[in-house]
Amino acid sequence: MASEESESDVSAPTEDGSKWLIEETERFESEKRQLESDVSRMKRENAHLKGELARLRAPPQVIGTVRDILDDGRVSIKSSSGPDFVVHISEGIDKDNLEVGDRVALHRQTLAVLEKLPSAKDPLVMGAEIDNKPIETYKDIGGLTEELDELRSTIELPMLYPERFSKIGIEPPKGVLLIGAPGTGKTLMAKAVANATKATFIRLIGSELVQKYIGEGARLVRELFQLAQEKAPSIIFIDELDAVGAKRMDVGTTGDREVQRTLMQLLGELDGFTPRGEVAIMGASNRPDILDEALLRPGRFDRIIKIPLPEEKARLKIIKIHTVKMAIAKGVNYKKMAAETDGLSGADLRAVCVEAGMGAIKNKRTKVSYKDFTLALEKIKNRLNETDISEPEGGLYY
Ligand SMILES: Nc1ncnc2c1ncn2[C@@H]1O[C@H](COP(=O)(O)OP(=O)(O)O)[C@@H](O)[C@H]1O
Ligand SMILES: [Mg+2]
């Protein structure tokens, strides 16, 4: 009896017990699946970290430039730090894809070419203004007839008809420098010429060259001249040349030295340049008195065009140009305005027109009256007088 009892205890598991076991097994199995997936995730992570570590541990690569590609498959390179070397190319690189002048990454010890790098000039050069076709035209320029004629005969003519120069046997001027007070239309003229010639227009601003591209000014100049040749016909326009072309006085600070280097590069590029019309060089400056004579020597900026403040007749034309799209009330006396704006530049006259328009808008009128113009003129003249006081005679640079 007793044995029967104990037997039943062991051999006959209750319904509950077996259910418990089944559940427990399922739980373990799901846990196992979970752990397996964890393991594989960690394996992936491990591989990724190993790769990352290898990348971080990789020795730095040297940058070089391809000088020559030899027949036996090796290349001659110039490393950024010194002499030229003949080296091998890594398997992964398509040799036919490599060109003289390419930037490449080199193995630190063997200097083997490991990788072709994107051309260095792109991002920097793109920082300069490259304009395939400026929208300004000759019609947008008031006055300056003679100056424009001269500019056209030195830039446009050799560009459109280079053969005329070679037939006669003279070289067209290399560089044309526009000199005149701020706002007299120098930039405007340069853009209009570029428009007329359909040349690629590369505009470099002197002050940016030395401020924005610290340490890169000289390189930028070099690469822009290269780019100009690649994209010929083209016009290189160096605006605000005074910023790089100031007379070499004390070369004390690093900033000055940087300006020096940029200037020397610019002079070098100008010297190494045979014009023949396909690349024209223009410069503009507000400060002829401080330009380095070296820039003005023959073979560099050898043609100088002075851009004067507009005379009365020119002022009338400029006012008309800048009011042509404005809604003007009847009886606005342009002639009187031209007579009363002696000493104002084209840019000042434009400012007067814009200010007059603002006055009309403020007073909720739909047309600009003569009164708006006279008030605007007063305002602009006051503004000019204010800046005169803060600026010593001869400008800001002394
Ligand atoms: N002769 C001009 N005829 C018409 N507009 C002019 C003239 N000169 C200057 N302007 C106006 O003033 C603006 C600034 O002139 P800009 O060519 O930049 O002067 P600069 O380069 O000589 O300092 C021009 O975009 C134009 O609107
Ligand atoms: Mg300008």
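Analysis parameters
Sequence order as written defines the numbering, with residues in each chain counted from 1. Labels are handed out in written order, letters beginning with A for the chains and numbers beginning with 1 for the ligands. Given that this is a predicted model, residues contribute local features only at a pLDDT of at least 70 and side-chain atom pairs are listed and counted only at 80 or more, while totals for whole chains, interfaces and linings are drawn from all residues. By definition, a residue lies near a molecule or strand provided its backbone-derived C-beta atom is within 6 Å of it. Numbering of helices and strands runs from the N terminus; a helix is a DSSP stretch of H or I covering at least four residues, while a strand is a stretch of E covering at least two. The start and end points of each domain follow an automatic or database-based domain assignment. When DSSP finds two or more bridges between two strands, those strands count as paired. Each axis is a line fitted through C-alpha atoms, and for a helix only the stretch in contact is used; angles between axes span 0 to 180 degrees, taken between their N-to-C directions. Each nonpolar core reported here comprises buried Ala, Val, Leu, Ile, Met, Phe, Trp, Tyr and Cys residues connected via C-beta atoms within 7 Å. The burial label depends on the number of other C-beta atoms within 10 Å of a residue's C-beta. Counts of 20 or more mean buried, 12 or fewer mean exposed, and intermediate counts mean partly exposed, with C-beta atoms placed from the backbone. By the convention adopted here, residues are in contact when the distance between their C-beta atoms, placed from the backbone, does not exceed 7 Å.

J.: I'd like to hear about the site of ligand 1, residue by residue, with values.
T.: Looking at ligand 1, there are 19 residues lining it, with Gly185, Lys186, Thr187, Gly346 and Ala347 nearest. For the shell around ligand 1, the secondary-structure elements that each account for two or more residues are helix H6 (186-197), helix H12 (312-323) and helix H14 (346-362). For the shell around ligand 1, the two domains that each supply at least three residues are domain 3 (125-307) and domain 4 (312-390).

J.: How would you summarise the sheet that holds strand E1 (residues 62-69) if you had to cite specific residues and measurements?
T.: In space, the five strands of this open sheet follow the order E3-E2-E1-E4-E5, with antiparallel pairing throughout. Each having just a single partner strand, strand E3 (84-87) and strand E5 (113-117) make up the two edges of the open sheet. Averaged over all neighbouring strand pairs, the angle between strand axes comes to 40°, with direction disregarded.

J.: Explain the nonpolar core to me, using residue names and the numbers behind them.
T.: Of all hydrophobic cores here, the largest spans 67 residues; its most connected members are Ile235 and Ile236. Looking at this core, the element that brings in the most residues is helix H8 (residues 217-230), giving seven residues. In this view, isoleucine 235 contacts Ile155, Ala194, Thr197, Ala199, Phe201, Ile202, Ala280 and Met282; residues no more than four positions away in its chain are not counted. Residues Val75, Ile77, Ile89 and Leu106 belong to the second largest nonpolar core, which totals nine residues.

J.: Quick one: what's the story with the environment of lysine 116, residue by residue and with numbers?
T.: In this fold, lysine 116 is placed in strand E5. Overall, the presence of 17 C-beta atoms within 10 Å leaves lysine 116 in the partly exposed class. Lysine 116 sits eleven residues away from alanine 105 along the chain, and the two C-alpha atoms are 6.4 Å apart. Those residues in contact with lysine 116 that lie beyond four places of it in its chain are Ile93, Asn97, Leu98, Asp102 and Val104.

J.: Any chance you could break down the environment of aspartate 302 for me, citing the residues and the numbers?
T.: If you trace the backbone, aspartate 302 turns up in the loop between helix H11 (293-296) and strand E11 (303-307). On the basis of neighbour count, aspartate 302 is assigned to the partly exposed category, with 17 C-beta atoms found within 10 Å. The spacing of aspartate 302 and valine 176 is 126 residues in sequence and 6.4 Å in space, taken between C-alpha atoms. Residues within four places of aspartate 302 in sequence aside, it is in contact with Pro173, Lys174 and Gly175.

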